[in-house]
Amino acid sequence: MADYSGSGVRQFRDFLNRCSEGPDVKEDEATRNRGFLKAYLEAQSKNWRNDQADGTEESVAFVDVTQIWSYAFQNNSGHLLTFLPASLAILVRLCSYHEELRTYGTILIHSLLQQANLKIVYNRDE
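A brief look at the structure comes next. These numbers come from a predicted model, not from an experiment.

**What to know about the nonpolar core**
Turning to step 1, where the next piece is worked out: By size, the foremost hydrophobic cluster in this structure holds 26 residues, and its most contacted members are Leu37, Leu41, Leu88 and Leu91.
Turning to step 2, where the next piece is worked out: Elements with a contribution of two residues or more to this core: helix 1 (7-17), helix 2 (27-45), helix 3 (63-74), helix 4 (78-97) and helix 5 (102-112).
Turning to step 3, where the next piece is worked out: The element best represented in this core is helix 4, accounting for 8 residues.

As structure tokens, this is what we get:
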């Protein structure tokens, strides 16, 4: 997904739209795509640690998402600033609908809400 031109994010969004059954997507295709999605989510969240009780250390997960977001803000890339949140919204929706993906959705949200990532989203240098 780390394509700074936006085409990778657009393709990722299109793939996410094919992870649910619909008029153009049969259930077996959607199930197969969710399997690929689960493998991607596992790879992205493998370094996540859920033991940050003291708040001194932040875990690393979904690095490519934060890199693209950071690039988009630094370069004032409107299309990336539009496509990335839209794609993440679809991803969170998929994770909430499918029980086997819920853990990864939670990790994604926790990862995005870390202080370092919030600085990217709100474009602050505090």
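Once you've had a look at it, read on.
**Examining helix 2**
Turning to step 1, where the next piece is worked out: Compared with an ideal rise of 1.5 Å per residue, which puts 19 residues at 27 Å, helix 2 spans 26 Å between its outermost C-alpha atoms and is within 8% of the ideal.
Turning to step 2, where the next piece is worked out: When helix 2 is considered as a whole, its buried residues turn out to be Glu29, Ala30, Asn33, Arg34, Leu37, Leu41, Gln44 and Ser45. Mapping the buried residues of helix 2 onto a view down its axis gives an arc of 130°, with all of them on the same face. Exposed side chains of helix 2 directed beyond 90 degrees from the buried face belong to Asp28 and Phe36.

**Considerations on the packing of helix 4 against helix 5**
Turning to step 1, where the next piece is worked out: Their axes nearest at 7 Å, the elements helix 4 and helix 5 cross at an angle of 140°. Between helix 4 and helix 5, the crossing angle belongs to the class labelled oblique. Pair helix 4 / helix 5 crosses with left-handed handedness. Facing Leu88, Leu91, Val92, Cys95, Ser96 and Tyr97 of helix 4, the residues of helix 5 in contact are Arg102, Tyr104, Gly105, Leu108, Ile109 and Leu112.
Turning to step 2, where the next piece is worked out: Grouping the amino acids of the contact of helix 4 with helix 5 by side-chain chemistry returns 9 nonpolar, 2 polar and 1 charged.

**Re the environment of serine 87**
Turning to step 1, where the next piece is worked out: Residue position: serine 87 is located in helix 4.
Turning to step 2, where the next piece is worked out: Considering only alpha carbons, one finds serine 87 and arginine 10, 77 residues apart in sequence, at a separation of 7.9 Å.

**Quick word on the packing of helix 1 against helix 4**
Turning to step 1, where the next piece is worked out: Between helix 1 and helix 4, whose axes approach to 9 Å, the crossing angle comes to 25°. Taken together, the axes of helix 1 and helix 4 lie roughly parallel to each other. Of the two elements, helix 1 crosses helix 4, and the hand of that crossing is left-handed. Between helix 1 and helix 4, the contacting residues are Val9, Arg10, Phe12, Arg13, Leu16 and Asn17 on the first element and Leu80, Phe83, Leu84, Ser87, Ile90, Leu91, Arg93 and Leu94 on the second.
Turning to step 2, where the next piece is worked out: A class-by-class count of the residues in the contact of helix 1 with helix 4 yields 9 nonpolar, 2 polar and 3 charged.

**Considerations on the packing of aromatic side chains**
Turning to step 1, where the next piece is worked out: According to the stated counting rule, one finds 1 aromatic pair in the structure shown.
Turning to step 2, where the next piece is worked out: Centre to centre, the rings of phenylalanine 12 and tyrosine 40 are 5.5 Å apart; their planes meet at 55°, and the pair counts as tilted. Of this pair, phenylalanine 12 sits in helix 1 while tyrosine 40 sits in helix 2; the two residues are 28 residues apart in sequence, bridging distant segments of the chain.

Reading the values: the criteria
Residues numbered from 1 in each chain as written. Predicted model: local features only at pLDDT ≥ 70, side-chain atom pairs only at ≥ 80, totals over all residues. Heavy atoms only, no water. Core = buried A, V, L, I, M, F, W, Y, C linked by side-chain atoms within 4.5 Å. Buried < 20%, exposed > 50% of the residue type's maximum accessible area, 1.4 Å probe, protein only. Helix = DSSP H or I, 4+ residues; strand = E, 2+ residues; numbered from the N terminus. Expected span 1.5 Å × (residues − 1). Arc of directions from axis to C-beta. Axes fitted to C-alpha atoms, helices over the stretch in contact; angles between N-to-C directions. Parallel < 35°, antiparallel > 145°, perpendicular 65-115°, else oblique. Left-handed = near helix turned anticlockwise from the far one by under 90°. Contact = heavy atoms within 4.5 Å. Nonpolar A, V, L, I, M, F, W, Y, C, P; charged D, E, K, R; others polar. Phe/Tyr/Trp six-rings, centres within 6.5 Å; stacked < 30°, edge-to-face > 60°.

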